[in-house]
Amino acid sequence: MRTHSILTTVASCFIAVALVSSASDQKRPVTSSAYPYGATTCLQGDKGPGVKLFLKPYRRCEGKVSQPYLEVDIREQPIPAHKSISIGAENWAFRCLNPNESCEQASSGNIVFDHLEDTSGKGIQTDGYYELRFSSGRSESGLFKVDCIEPCA
């Protein structure tokens, strides 16, 4: 009888911890990212000023960004940390799956930068998460980390 009581108590504790953990992460998507690696550069010309973020499935810093990728153009300056940036009228996002098709623009979504500071003394740590919805009914969401910072021309 005592063993049953202990097992019930332990099970209840695990359930309580799981509920508290899931409640505290409601604002963050739980899905794994198909585009976890990022590169940034500046928006220029009639698109700027701002930041262009490329999200890619593979880590690669040199050369041209290859498809598939997500492109997020952020014109909100300065970029806030820990604040949701809406995708829509001012900030745009595109999903580019292959070179033979046009990129699809996101109809709505959000991106949040968790870090935008120099935490290691070696460079800027930039990471966060995104949720993008497309008119085709598909969506993309996940975590990202910027590995590459492209200089502005």
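Coordinates for the structure precede this section.
On a predicted model such as this, the values are computed, not experimentally measured, just so you know. (Residues numbered from 1 in each chain as written. Predicted model: local features only at pLDDT ≥ 70, side-chain atom pairs only at ≥ 80, totals over all residues. Heavy atoms only, no water.)

Observations concerning the layout of surface pockets
Thinking step 1. Considering only enclosed or pocket space, the largest pocket measures out at about 230 Å³ in volume.
Thinking step 2. For the lining of the largest pocket, the elements supplying multiple residues, two or more each, are β1 (37–42), β2 (51–56), β6 (104–118), β7 (124–134) and β8 (139–149).
Thinking step 3. The element best represented in the lining of the largest pocket is β1, accounting for three residues.
Thinking step 4. Within the lining of the largest pocket, the residues separate by chemical class into ten nonpolar, three polar and one charged. (1 Å grid on protein atoms, 1.4 Å probe; cavity = no way out; pocket = protein on both sides within 12 Å on 5 of 7 lines; lining within 4 Å. Points joined across faces, edges and corners; volume = space filled by probe spheres on them. Helix = DSSP H or I, 4+ residues; strand = E, 2+ residues; numbered from the N terminus. Nonpolar A, V, L, I, M, F, W, Y, C, P; charged D, E, K, R; others polar.)

Overview of the side chain of Asp-127
Thinking step 1. For Asp-127, the location among the structural elements is in strand β7.
Thinking step 2. The side chain of Asp-127 sits in the buried core without any salt bridge; Lys-145 is the nearest counter-charge, 6.4 Å away.
Thinking step 3. Within the structure, Asp-127 has its side chain in polar contact with the side chain of His-115 (distance 2.7 Å).
Thinking step 4. Among residues more than four places away in sequence, those in contact with Asp-127 are Val-112, Phe-113, Asp-114, His-115, Phe-144 and Lys-145. (Buried < 20%, exposed > 50% of the residue type's maximum accessible area, 1.4 Å probe, protein only. Lys, Arg positive; Asp, Glu negative; His and termini not counted. Salt bridge = Lys/Arg side-chain N within 4 Å of Asp/Glu carboxyl O. Polar contact = N/O pair within 3.5 Å; in protein donor to acceptor, adjacent residues only side chain to side chain. Contact = heavy atoms within 4.5 Å.)

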